[in-house]
Amino acid sequence: MRKKALLFAALLLAGCSQQVKYVQPGLPTAPEYPAGSWPASAGPRATDVEWRSFFRDPRLQGLIERALVNNRDLRTAVLRIEEARGQYRIQRADRLPTIDASAGATRSRSQGFGGVEGPGGAITQNRFDVGVGVSSFELDFWGRVRSLTQAARARYLATVQAQRSFQISLVADVAEAYLTERELDARIDVARRTVESRGRALRIGKLRLDAGVTSALDYRQIEVLLTQAQSQLADLELQRAQARNTLEFLVGGPAAGTLPAPLGLAGQGIVENISAGLPSDLLINRPDILEAEEQLRAANADVGAARAAFFPQISLTGALGFASTALGSLFSGGAFNWSAGAGVGLPIFDAGRTRGNLDVADARRGIATAGYERAIQNAFREVSDRLAGRRWLVERLSAQQREAAAQRNRADLATLRYRNGVANYLEVLDAERELFAAEQQVLLTRREQLTNAVDLYVALGGGLDRSAPIVTTPEAPGQAGAR
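Residues numbered from 1 in each chain as written. Predicted model: local features only at pLDDT ≥ 70, side-chain atom pairs only at ≥ 80, totals over all residues. Heavy atoms only, no water.

### Description of the overall build of the protein chain
When helices and strands are counted, the protein chain shows 11 helices and four strands. Sorting the 483 residues of the protein chain into buried and exposed places 39% on the buried side. In the protein chain, 84% of the contacts between residues at least 6 apart in sequence involve partners at least 24 apart. A total of about 26200 Å² of accessible surface is found on the protein chain, and carbon and sulfur atoms cover 56% of it. (Helix = DSSP H or I, 4+ residues; strand = E, 2+ residues; numbered from the N terminus. Buried < 20%, exposed > 50% of the residue type's maximum accessible area, 1.4 Å probe, protein only. Contact = heavy atoms within 4.5 Å. Areas by Shrake-Rupley, 256 points an atom, 1.4 Å probe, with all protein chains shown as cover.)

### Details of empty space enclosed by the protein
Under the defined criterion, the tally for this structure stands at one cavity of 30 Å³ or more. Here the largest cavity is characterised by a volume of approximately 90 Å³. Lining the largest cavity are Arg 45, Ala 46, Thr 47, Ser 275, Ala 276, Gly 277, Asp 281, Leu 282, Asn 285 and Leu 460. Residues that form the lining of the largest cavity fall into these classes: four nonpolar, four polar and two charged. (1 Å grid on protein atoms, 1.4 Å probe; cavity = no way out; pocket = protein on both sides within 12 Å on 5 of 7 lines; lining within 4 Å. Points joined across faces, edges and corners; volume = space filled by probe spheres on them. Nonpolar A, V, L, I, M, F, W, Y, C, P; charged D, E, K, R; others polar.)

### Examining a nonpolar patch on the surface
A cluster of nonpolar residues, Ile 99, Val 132, Leu 320 and Trp 338, forms a patch on the protein surface that exposes about 450 Å² of accessible area. Note on placement: Leu 320 falls in strand β3 (residues 313–324). (Patch = residues over 30% accessible without salt bridge, like charges linked within 9 Å, V, L, I, M, F, W, Y side chains within 5 Å. Salt bridge = Lys/Arg side-chain N within 4 Å of Asp/Glu carboxyl O.)

### Some points on the side chain of Arg 240
Counting through the fold element by element, Arg 240 comes out in helix α6 (residues 216–251). Taking relative accessible area as the criterion, Arg 240 reaches 16% and is therefore assigned buried. Engagement of the side chain of Arg 240 in a polar contact is seen with the side chain of Asp 185, the distance being 2.6 Å. If we ignore the near neighbours within four places in the chain, the residues touching Arg 240 are Glu 181, Leu 184, Asp 185, Ile 188 and Arg 192. (Polar contact = N/O pair within 3.5 Å; in protein donor to acceptor, adjacent residues only side chain to side chain.)

### Some points on the nonpolar core
Residues Phe 54, Phe 55 and Val 174 are the most contacted members of the largest nonpolar core, which totals 53 residues. Mapped onto this core, the elements with two or more residues apiece are α2 (51–54), α3 (58–70), α5 (144–210), α6, α7 (282–285), α8 (287–308), α9 (353–419) and α10 (425–459). Ranked by residue count, the leading element in this core is α5, at nine residues. Setting aside anything within four residues of it in sequence, one finds Phe 54 in contact with Val 49, Gly 269, Ile 270, Val 271, Ile 274, Ala 453, Val 454 and Tyr 457. In this structure, Leu 184, Ile 188, Ala 229 and Leu 233 belong to the second largest nonpolar core, which totals 25 residues. (Core = buried A, V, L, I, M, F, W, Y, C linked by side-chain atoms within 4.5 Å.)

### Brief notes about the pattern of salt bridges
Side chains that carry opposite charge are capable of pairing whenever their charged atoms lie near each other. A complete count under the given rule lists 27 salt bridges for this structure. Residue Glu 272 pairs with Arg 446 through a salt bridge whose shortest N-O separation is 3.2 Å. Of the two residues, Glu 272 sits in the loop between α6 and α7 while Arg 446 sits in helix α10, which places them 174 residues apart along the sequence. We classify Arg 446 as partly exposed; its relative accessible area is 21%.

### Observations regarding the layout of surface pockets
Reported here for the largest pocket is a volume of approximately 610 Å³. The wall of the largest pocket is formed by 24 residues, among which Ser 197, Ala 201, Thr 415, Arg 419 and Glu 432 lie closest to the centre. For the lining of the largest pocket, the elements supplying multiple residues, two or more each, are α5, α6, α9 and α10. Partitioning the lining of the largest pocket into residue classes produces 11 nonpolar, four polar and nine charged.

### Observations concerning α10
With 35 residues, α10 extends 50 Å from end C-alpha to end C-alpha; this agrees with the ideal 51 Å at 1.5 Å per step. Phi turns positive, to about 95°, at Gly 461, one or two residues after α10. (Expected span 1.5 Å × (residues − 1).)

### Considering the environment of Gln 313
Within the secondary structure, Gln 313 is located in strand β3. A sequence separation of 169 residues divides Gln 313 from Arg 144, and the C-alpha atoms of the two residues are 9.2 Å apart.

### A look at the packing of aromatic side chains
To describe a pair of aromatic rings, one takes the distance between the centres and the angle between the planes. Under the definition given, this model contains three aromatic pairs. Judged by centre distance (4.9 Å) and plane angle (90°), the ring pair of Phe 54 and Phe 55 falls under edge-to-face. The residues Phe 54 and Phe 55 share a single accessibility class, namely buried. On the basis of an interplanar angle of 5° and a centroid distance of 3.9 Å, the ring pair of Phe 54 and Tyr 457 is categorised as stacked. Linking Phe 54 in helix α2 with Tyr 457 in helix α10, this pair joins segments that are 403 residues apart in sequence. No difference in accessibility class separates Phe 54 from Tyr 457, as the two residues are buried. Among the aromatic residues, those joined into a cluster by ring pairs are Phe 54, Phe 55 and Tyr 457. The ring of Tyr 178 carries the charged tip of Arg 182 above its face, separated from the ring centre by 4.8 Å. The aromatic ring of Phe 436 is capped on one face by Arg 198, whose charged end is 5.8 Å from the ring centroid. (Phe/Tyr/Trp six-rings, centres within 6.5 Å; stacked < 30°, edge-to-face > 60°. Lys NZ or Arg CZ within 6 Å of the ring centre and 35° of its normal.)

### Some points on the environment of Ala 301
With respect to the helices and strands, the residue Ala 301 is situated in helix α8. Taking the C-alpha atoms as reference points, Ala 301 and Lys 21, separated by 280 residues in sequence, lie 8.3 Å from one another.

### Things to note about the packing of α6 against α10
For the pair α6 and α10, the least separation of the axes is 9 Å and the interaxial angle reads 15°. Relative to α10, the element α6 is oriented roughly parallel. Where α6 crosses over α10, the handedness of that crossing is right-handed. Residue-level inspection shows Asp 218, Gln 221, Ile 222, Leu 225, Gln 228, Gln 232 and Leu 236 of α6 in contact with α10, the latter providing Tyr 425, Leu 426, Leu 429, Glu 432, Arg 433, Phe 436 and Gln 440. For the contact of α6 with α10, a count of residues per class yields seven nonpolar, four polar and three charged. (Axes fitted to C-alpha atoms, helices over the stretch in contact; angles between N-to-C directions. Parallel < 35°, antiparallel > 145°, perpendicular 65-115°, else oblique. Left-handed = near helix turned anticlockwise from the far one by under 90°.)

### So, the environment of Arg 203
Here Arg 203 is to be found in helix α5. For Arg 203, a relative accessible area of 54% corresponds to the exposed category. Distance in space between the C-alpha atoms of Arg 203 and Ile 222 is 9.5 Å, their sequence separation being 19 residues.

### Digging into the packing of α9 against α10
Look at α9 against α10: their axes get within 7 Å of each other, and the N-to-C directions meet at 160°. The orientation of α9 with respect to α10, classified from their angle, is roughly antiparallel. Between α9 and α10 lies a crossing whose hand is left-handed. Split by residue class, the contact of α9 with α10 holds 17 nonpolar, nine polar and 17 charged.

Bear in mind that shape data such as this cannot, by itself, settle questions of function.
So this is what it looks like as structure tokens:
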């Protein structure tokens with residue numbers, strides 16, 4: 001009868017757990033991406049293409065590998081995982097009793113009553129003891145400790161996802177800095193050829209001026225055109241130096257060394273037909289969304305812990321061991337002793353502190369929910385923007401290439417008309433200036449198109465280093481990296 005009563009009481013207390021069940025919020029976006037994008041099934045999924053296959057330039061692959069090893073911010077993210085793992089282990093330990101072992105020996109001398117020798121004189125005593133004990137182990141009837149453990153685990157998993165998210169961003173940042181450098185290299189080549197061409201034109205103009213064939217105004221216009229090209233070349237050189245510095249910062253060291261020679265902007269071979277899939281796929285593919293969800297789980301568990309604080313906290317203490325005045329009789333039967341106790345604490349008046357903690361936990365859960373939904377909406381916007389860019393940048397590049405070809409023909413005709421005396425050099429000046437701008441825009445748009453492909457790849461959750469070891473929780477191996 002007693003066993004049945006104890007079992008019934010245990011079941012009753014278990015049913016009083018204040019843990020809050022987690023419910024995933026609904027998708028706060030449209031079920032599909034906006035119309036007008038390329039077909040969702042146009043190519044492979046981003047998560048199925050590792051970055052080594054996505055980027056074909058061997059030099060870029062080497063730079064990314066170095067960045068994943070040397071980047072200091074990535075190191076910090078990994079260390080934060082270890083910090084959160086330690087916090088989780090500390091919190092999980094509260095679910096089990098802490099057993100301490102102790103041993104001691106004391107020798108004391110005290111003056112007897114009356115301060116004289118004899119029975120009432122000085123007394124010397126020895127005491128030896130050894131034992132084990134449990135101090136203040138909380139019986140988690142209301143789920144407070146379990147909720148705190150769940151919150152610590154969720155925060156640990158959030159740091160894992162934060163590290164994965166940073167890794168993806170680092171891959172994209174290195175790739176974009178590298179593509180910018182390649183774009184500037186190509187634009188510098190165009191600028192140098194233009195400077196050389198206009199330098200030759202200036203020398204010819206000087207001969208024509210000395211021969212009286214052309215006017216000083218035409219000669220000065222050629223000179224102005226040359227100085228403009230030289231100024232633009234210097235500006236491009238500055239931009240390339242800054243892009244190289246950015247790349248070395250991301251890589252965590254010099255970007256040169258034993259790496260292969262770079263491929264040109266036109267030979268990058270980046271996969272540009274990644275499949276977009278559905279917005280719901282982002283919930284399992286984007287580490288930043290998974291991080292926000294783990295933060296929401298942690299906030300939800302904190303609410304359960306705050307609710308449990310309204311109920312009594314029951315704790316147990318106990319000890320057993322041996323104590324004796326002589327070392328030789330320490331483990332004799334008469335030296336054995338034990339003690340056990342239980343304590344109950346119930347908040348009666350705390351000036352609203354417990355209620356305030358619950359309000360704070362509820363508010364933080366609302367904030368985490370809004371953050372989770374915002375992360376989904378931001379991911380949806382990023383993918384939608386990149387899909388729009390994938391379509392319209394193709395048309396813009398095609399139009400700019402046609403414009404550059406037309407400007408080249410116009411410049412050739414203007415030069416021919418000038419040499420035949422049909423037109424003045426102002427017409428040549430305008431044609432040359434607009435040709436140079438058109439050629440620069442073609443290179444700029446091509447780099448933007450490649451960058452957009454990288455951004456889409458990352459926005460869909462691609463770019464993780466699948467060869468890296470998966471970080472796992474101490475109690476559930478493999479789950480952290482698989483979420």
